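Topology and contacts: notes
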Amino acid sequence: MAGDDARNNNDGASYNNSAQSELENDVSIDALAKKVQESLSMAKKHKFWETQPVGQFKDLGDTSLPEGPIEQPSPLSDVRQEPYNLPAPYEWITCDIDSEEMCAEVYNLLTNNYVEDDENMFRFNYSKEFLRWALRPPGYYRSWHIGVRVKASKKLVAFITAVPVRIRVRDEFVMMAEVNFLCVYKKLRSKRLAPVMIKEVTRRVHLENIWQAAYTAGVVLPTPITTCQYWHRSLNPKKLIDVGFSRLGARMTMSRTIKLYKLPEQPVTPGFRKMEIHDVPAVTRLLRNYLNQFVVVPDFSEDDVEHWLLPKADVIDSYLVESPETHEITDFCSFYTLPSSILGSQIHSILKAAYSYYNVSTKTPLLQLMNDAMIVAKKMDFDVFNALDVMHNESFLKELKFGPGDGKLHYYLYNYRLKHVLRPSELGLVLL
């Protein structure tokens with residue numbers, strides 16, 4: 001459940017104060033109304049989450065509570081065998097993502113109803129190829145790809161998924177479900193479908209004897225294990241300004257802004273090349289070794305690395321540095337492709353965004369490695385390069401001219417308590 005594809009609020013220079021306060025006055029009543037609505041809906045959401053085995057706000061700071069599972073597993077015979085009841089007009093379906101027709105239905109539901117930014121200017125536009133990649137990792141369960149249809153029309157109106165992932169939390173290895181793509185048709189948001197969908201995916205996960213989950217959201221629920229910020233680096237500043245993603249900074253002209261963000265034509269690191277299938281063992285070793293230093297990380301096998309990191313057109317791009325002398329693989333970087341639909345522009349319909357995924361630097365400075373990643377992204381016609389402030393990302397964000405977005409991404413664990421909230425730099429997990 002990714003957070004808002006937040007807009008860049010730091011392009012070239014900040015607004016001048018008078019323009020900013022004028023803008024704030026214009027939107028203050030709308031913003032206030034929106035905040036009241038959000039508070040009311042949050043209270044409702046929390047009623048549900050207070051019944052779930054998740055960290056609760058009231059327990060924050062209570063170090064006497066043990067770290068680890070909040071509830072112990074039940075015998076599988078005690079897990080409810082029948083799906084939860086839906087309101088009468090609706091029925092459950094299992095979505096076969098291999099089916100072109102089904103994949104198109106899921107794509108259309110998400111494209112028209114999934115995560116938008118706060119101003120409703122951009123909406124995530126996951127491609128069908130991306131969905132198949134995200135939902136079919138090694139060992140996936142088709143039964144965890146759950147849809148809700150209208151019985152009469154057979155229209156798909158809601159969707160939620162989970163995929164299995166082995167997570168290390170400090171020294172403990174835990175099989176978890178990574179829950180994502182919770183989406184309800186806009187006109188049905190008052191029907192309270194989301195809680196029953198969360199209960200149903202939880203039931204199906206329990207049937208596989210898995211009792212923990214990881215997920216993200218752009219809203220605050222009980223209780224984040226950490227809160228990350230999105231940062232954005234303009235690759236095509238003119239387009240980003242034209243569509244309202246960025247604004248021209250005070251005392252900045254368009255030509256100066258374009259010059260500010262200009263990148264070299266070619267990567268500068270000797271031995272920088274695209275990852276290939278024969279690189280999987282070396283990349284796995286590099287990544288596993290690097291992730292050892294973080295608190296919450298995926299425990300990647302070679303099969304996982306092959307699935308998640310081997311380049312796939314318009315889905316995932318991975319590059320590495322092979323030493324010209326020793327042929328050792330010393331560094332690695334990757335980014336996935338997640339466009340957004342532009343909702344209000346007459347000129348452009350798609351914002352092509354690259355999202356930083358997993359990066360490992362041992363010999364090449366991380367700053368240089370990421371600059372090379374942005375150079376290849378620019379050559380592939382990406383408009384913006386996004387990164388969260390997780391792992392060591394903070395070390396390159398400002399220097400490489402990333403600006404902070406207005407979106408936060410909150411990470412959660414289900415049925416697993418951490419004693420302390422983590423800093424983003426202690427997190428080694430990137431969820432799509």
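Refer to the preceding data block for the structure.
Everything numeric here is computed off the predicted structure, so don't read it as measured data. (Residues numbered from 1 in each chain as written. Predicted model: local features only at pLDDT ≥ 70, side-chain atom pairs only at ≥ 80, totals over all residues. Heavy atoms only, no water.)

1. A short note on helix 8 (residues 302–309)
Which entries qualify depends on this criterion: Note on classification: 1.4 Å probe, protein chains only; a residue is buried when its accessible area is under 20% of the maximum for its type, exposed when over 50%, partly exposed between these limits. Counting from the N terminus, the helices are the DSSP runs of H or I reaching at least four residues and the strands are the DSSP runs of E reaching at least two. Contacts: residue pairs with any heavy atoms within 4.5 Å of one another.
Within the sequence span of helix 8, burial applies to Asp 304, Val 305, His 307, Trp 308 and Leu 309. In this structure, the buried side of helix 8 is in contact with helix 3 (128–135), helix 7 (280–291), strand 10 (316–322) and strand 11 (329–337).

2. Looking at the pattern of salt bridges
Rule in force here: The term salt bridge refers to a pairing of a side-chain nitrogen on Lys or Arg with a carboxyl oxygen on Asp or Glu at a separation within 4 Å.
As enumerated under the stated definition, the model contains 18 salt bridges in all. Between Glu 322 and Arg 273 there is a salt bridge, with its nearest N and O atoms 2.8 Å apart. Within this pair, whereas Glu 322 is found in strand 10, its partner Arg 273 is found in strand 8 (residues 272–274), the two being separated by 49 residues in sequence. A salt bridge links Arg 288 to Asp 299; the nearest nitrogen and oxygen atoms lie 2.9 Å apart. Linking Arg 288 in helix 7 with Asp 299 in the loop between strand 9 (296–298) and helix 8, this pair joins segments that are eleven residues apart in sequence. Residue Arg 288 is classed as partly exposed on the basis of its relative accessible area of 37%. Classification of Asp 299 by relative accessible area gives buried; the value is 15%. Beyond isolated ion pairs, a larger network of salt bridges with shared partners links Asp 96, Asp 98, Arg 136 and Arg 142.

3. With respect to the nonpolar core
To keep things clear, this is the line we draw: Within this scheme, the nonpolar core is defined by two criteria: the residues are buried Ala, Val, Leu, Ile, Met, Phe, Trp, Tyr or Cys, and they are joined through side-chain atoms within 4.5 Å.
Counting 81 residues, the largest nonpolar core has Val 296, Tyr 336 and Tyr 357 as the members making the most contacts within it. Of the residues forming this core, the biggest block, seven residues, is contributed by helix 7.

4. Topic: the sheet that holds strand 13 (residues 350–351)
As a reminder of what qualifies: A pair of strands is treated as paired once DSSP finds two or more bridges between them.
With respect to topology, three strands assemble into an open sheet ordered 2-12-13, the strand pairing being antiparallel. Where the open sheet ends on each side, the last strands, each with one partner, are strand 2 (122–124) and strand 13. Bridge count for strand 12 (residues 340–342) against strand 13 is two bridges, and the pairing is antiparallel. When the sheet's bridge partners are listed, Ser 340 is paired in strand 13 with Leu 351.

5. A word on the packing of helix 7 against helix 8
We apply this condition: To get an axis, a line is fitted to the C-alpha atoms, and for a helix only the part in contact is used. The angle between two axes follows their N-to-C directions and goes from 0 to 180 degrees. These descriptions rest on fixed angle ranges, namely under 35 degrees for roughly parallel, over 145 for roughly antiparallel, 65 to 115 for roughly perpendicular, and the rest for oblique.
Relative to each other, helix 7 and helix 8 sit at 100°, their axes nearing to 9 Å. One way to sum up the angle between helix 7 and helix 8 is to call them roughly perpendicular. Within the contact between the two elements, helix 7 uses Val 280, Pro 281, Val 283, Thr 284 and Leu 287 and helix 8 uses Glu 302, Val 305, Glu 306 and Leu 309.

6. Regarding the packing of aromatic side chains
The way to describe two aromatic rings as a pair is by their centre distance and the angle between their planes. Quick reminder of the rule: Any two rings among Phe, Tyr and Trp, with Trp reduced to its six-membered ring, count as a pair given centres within 6.5 Å; such a pair is stacked if its planes are under 30 degrees apart, edge-to-face if over 60, and tilted if neither.
For the coordinates displayed, the defined rule picks out 27 aromatic pairs. Residues Tyr 215 and Tyr 412 carry aromatic rings whose centres are separated by 5.2 Å and whose planes lie at 15° to one another, so their mutual orientation is stacked. Taken together, the residues Tyr 215 in strand 6 (residues 212–217) and Tyr 412 in strand 17 (residues 403–414) connect sequence positions 197 residues apart. On the basis of relative accessible area, Tyr 215 is assigned to the buried category, the value being 3%. The buried category is assigned to Tyr 412, whose relative accessible area is 1%. Each ring, one from Phe 272 and one from Tyr 319, has its centre 5.3 Å from the other, and the planes form 5°; the classification is stacked.

7. A look at a nonpolar patch on the surface
We count it as follows: Patches in this entry comprise residues that are over 30% relatively accessible and not in a salt bridge; like charges within 9 Å are linked, as are nonpolar side chains (Val, Leu, Ile, Met, Phe, Trp, Tyr) within 5 Å. Only the protein chains shown count as covering a residue, and every accessible area follows the Shrake-Rupley method with a 1.4 Å probe.
Judged by side-chain polarity, Phe 57, Leu 60, Val 220 and Val 421 come together as a nonpolar surface patch covering roughly 320 Å² of accessible area. In this fold, Val 220 is placed in the loop between strand 6 and strand 7 (226–234). By relative accessible area, Val 220 is classed as partly exposed at 31%.

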